[in-house]
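Geometric and topological summary
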Amino acid sequence: MTARRRGGPAEAAPRVIVAGAGFAGLAAVTELHRAGARVLLVDRNIYSTFQPLLYQVATGGLNPGDVAYPLRALAARRTARFRPGELAGIDPAARRVTLTDGAVLDYDYLVIGTGVSAAFYGVTGAAEHTFGLYTRRDAVALRDHIMARLDRLDLGAPGKSVSFTVVGGGATGVELAGALAELRALDSAFPEVDPSDVHIRLVEMAPALLAPFHPKLQAYALAELRRRGVEVHLDTKIREITGDRVILGNGDEMPSDVTVWAAGVSAPAEVHGWGLPQGRGGRIEVGPDLRVTGQDRIFATGDIALIEGQPLPQLAQPAIQTGKHAGRQIARLMKGQPAQPFHYFDKGIMATIGRRSAVVELPHGLRIHGTLAWLSWLALHVYYLLGGRNRLSALVNLSYRYLVWGHGGGVIVGDDPPAAIPGGPVQALPGAAASSRQAAR
Ligand SMILES: Cc1cc2nc3c(=O)[nH]c(=O)nc-3n(C[C@H](O)[C@H](O)[C@H](O)COP(=O)(O)OP(=O)(O)OC[C@H]3O[C@@H](n4cnc5c(N)ncnc54)[C@H](O)[C@@H]3O)c2cc1C
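These numbers were taken from a predicted model, which means no experiment stands behind them.

**Section: the overall build of the protein**
Along the protein, the regular secondary structure elements total 11 helices and 24 strands. Computed over its C-alpha atoms, the radius of gyration of the protein comes to 22 Å, within 12% of the 22 Å expected for a compact globule of 441 residues. Along the longest, intermediate and shortest principal axes, the C-alpha atoms of the protein span 70 × 45 × 45 Å. Residues classed as buried in the protein amount to 52% of the 441 residues present.

Next up, the structure:
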């Protein structure tokens, strides 16, 4: 590992391991750096991923590098050290973690911010035949399959069509379905594709899209998607997914060449091996100060944490705020002060449907939709990207997509997926969602 930098924390300072470099983990690192702790950041990837813009990578609007930031550079800026690795086990009595590569690391405090992955709720075939959208690899695999399908259509075989199904009408599902509708309309990218040959379906079990939003904004999002040609099925349960179709609870079948699972999240299986108390969705149970129930030196933050008496949505703001809070409580404990309870500050929620269309709901009932909402969504997402270079490249790529609309390629080209047959149907990669998650390890 690298030597400690000049001006860094003292040798005697407490050692803090932060596992997971998402919104929560990075917010904790910033606070711990201020507190003078010796911080070791551990992540299974060598970069941090900005998940909210993954759907843009999947639809060729952004480069994969635009949403990823190198962790070594980031750790060095915050006088932390970075070690690539995957958390495998925790021994609270010995204050030690083990990684899957066999390394054993000692800590005085541990912050867990390892996020969540797809929950398939026992739907037959969902893990094997759907694409996920949680990692950069997921987004690239999905992009390559989407583009290959559209390219095969461009070969002009008569009577051919392609069907994309997005399962789940939360923000991710709505954003992806909206972006797919835009892709279909980009005739400069796929000049020979007849948009009527491209079917985009969004399937949601609940009676409305975007559950946490006001009914007026839900209705707006539904109307906008339908206006853009997305077939939205509400109140619709899925029973089974195969390589080429989606089978509904009532037995109806819908053809689907590419099916994306955006229907829910839970703790990944490996969390069960960490020996910590888990609640709904397998999330780690934490007390009001974010310490894991029954532990005095282990904090859980972000999506993976289930806070006693304070159910928070699995979004960026709760992750940032819980990460910050955990860092600050460790700083207090280092000074011999007691830890304080966490209070969430609601800054509002937003989701985009597509070009010039988004919904924003702020505290105290303030709601906006349409172009202004879309511009705020765009500005905020670009602002929250890590690193000046990423902000600039994302701004250029998104501006090109949305301002030069229809007059240029508009699509960042991908590669043929390994199973593509030139001129013929693209075979779904078996276990697309599951395999990409495994590859991330
Ligand atoms: C497609 C998509 C779109 C979204 N859009 C929005 C949006 O518009 N607005 C919004 O507020 N929220 C959005 N969210 C939710 C938001 O991204 C999450 O709530 C947030 O990323 C959670 O932060 P986190 O730090 O808890 O976890 P993550 O950001 O998931 O970070 C977890 C980190 O832990 C690492 N990791 C995982 N397991 C291990 C392990 N065992 N060992 C070591 N490292 C590990 C991962 O590599 C990752 O870097 C979206 C999520 C997705 C998937």
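Next, the rest of the story.
**Some thoughts on the site of the ligand**
Near the ligand lie 28 residues; those nearest to it are Ala24, Asp43, Leu87, Asp303 and Ala316. Here an oxygen atom of the ligand and a backbone polar atom of Ala24 are 2.9 Å apart. Contact between the ligand and Asp303: an oxygen atom at 2.9 Å from a main-chain N or O atom of the residue. Computed on the free molecule, the ligand has an accessible area of 990 Å², of which 91% lies beneath the protein chains in the complex.

**Remarks on the confidence of the model for the protein**
On average, residues of the protein score 90 in pLDDT, and 90% of them are at 70 or above. With pLDDT under 50 throughout, residues 420–441 is counted as low confidence; its partners more than four residues away or in other chains account for 55 contacts.

**Re the side chain of Asp66**
Summarising the element assignment, Asp66 is placed in the loop between helix H2 (54–58) and strand E4 (68–70). Those residues in contact with Asp66 that lie beyond four places of it in its chain are Leu385, Asn390, Ser393, Ala394 and Asn397.

**Here we look at the pattern of salt bridges**
Using the criterion set out here, one finds 17 salt bridges in the structure. Between Arg34 and Glu31 there is a salt bridge; the shortest N-O distance is 3.0 Å. Of this pair, Arg34 and Glu31 both sit in helix H1 (residues 23–35), separated by three residues, roughly a single helical turn. Under the relative-accessibility criterion, Glu31 is labelled buried at 8%. Linking Asp289 and Arg291 is a salt bridge whose minimum nitrogen-to-oxygen distance equals 2.9 Å. In the salt-bridge network here, residues are joined through shared partners; they are Glu182, Glu224, Arg227 and Arg228.

**Here's the deal with the sheet that holds strand E7 (residues 96–99)**
Strand order in the open sheet formed by three strands is E6-E7-E8, and the pairing between neighbours is antiparallel. Whereas interior strands pair on both sides, the edge strands pair on one side only; in this sheet they are strand E6 (87–91) and strand E8 (104–106). Shown here is a sheet whose adjacent strand axes are inclined to one another by a mean of 25 degrees, direction ignored.

**Structural notes on the sheet that holds strand E1 (residues 15–19)**
Overall, parallel pairing links the five strands, which are arranged E5-E2-E1-E9-E20 in an open sheet. Each of the sheet's edge strands pairs with one partner strand only, and the pair in question is strand E5 (81–84) and strand E20 (298–300). When the angles between neighbouring strand axes are averaged without regard to direction, this sheet yields 20 degrees. Looking at chain direction, E1 and strand E9 (residues 109–112) are connected through four bridges and run parallel. Looking at the pairing, Val18 lines up with Val111 of E9. Along the sheet face, H1 touches E1, strand E2 (38–43) and E9 and points at about 165 degrees away from the line of E2. Packed on one face of the sheet, helix H8 (residues 316–334) meets E1, E9 and E20 and runs near 170 degrees to E9.

**Quick notes on the packing of aromatic side chains**
Under the counting rule described, the total for this entry stands at five aromatic pairs. Plain terms: the ring middles of Trp374 and Tyr402 are 5.2 Å apart, the flat faces sit at 85 degrees to each other, and that makes the pair edge-to-face. Residue Trp374 is located in helix H9 (residues 371–384), and its partner Tyr402 is located in helix H10 (residues 388–403); the two are separated by 28 residues in the primary sequence. Residues Trp374 and Tyr402 agree in their burial class; the two are buried. Against the face of Tyr47 rests Arg136, its NZ or CZ located 4.2 Å from the ring centre. When the ring centre of Tyr109 is taken as reference, the NZ or CZ atom of Arg297 above it lies at 5.0 Å.

**Quick word on unusual backbone geometry**
With a phi close to 80 degrees, Leu290 is a non-glycine residue in the positive phi region. Along the chain, the position of Leu290 falls in the loop between strand E19 (284–286) and E20. Positive phi values are uncommon outside glycine, yet His364 reaches one of about 65 degrees. By secondary structure assignment, the location of His364 is in the loop between strand E23 (357–361) and strand E24 (367–369). Here His364 falls in the exposed class, since its relative accessible area comes to 86%.

Parameters at a glance
Residues numbered from 1 in each chain as written. Predicted model: local features only at pLDDT ≥ 70, side-chain atom pairs only at ≥ 80, totals over all residues. Heavy atoms only, no water. Helix = DSSP H or I, 4+ residues; strand = E, 2+ residues; numbered from the N terminus. Rg over C-alpha atoms; globule rule 2.2 N^0.38 Å. Buried < 20%, exposed > 50% of the residue type's maximum accessible area, 1.4 Å probe, protein only. Near = heavy atom within 4 Å. Polar contact = N/O pair within 3.5 Å; in protein donor to acceptor, adjacent residues only side chain to side chain. Areas by Shrake-Rupley, 256 points an atom, 1.4 Å probe, with all protein chains shown as cover. pLDDT = per-residue confidence, 0-100. Contact = heavy atoms within 4.5 Å. Salt bridge = Lys/Arg side-chain N within 4 Å of Asp/Glu carboxyl O. Pairing = 2+ DSSP bridges. Axes fitted to C-alpha atoms, helices over the stretch in contact; angles between N-to-C directions. Phe/Tyr/Trp six-rings, centres within 6.5 Å; stacked < 30°, edge-to-face > 60°. Lys NZ or Arg CZ within 6 Å of the ring centre and 35° of its normal.

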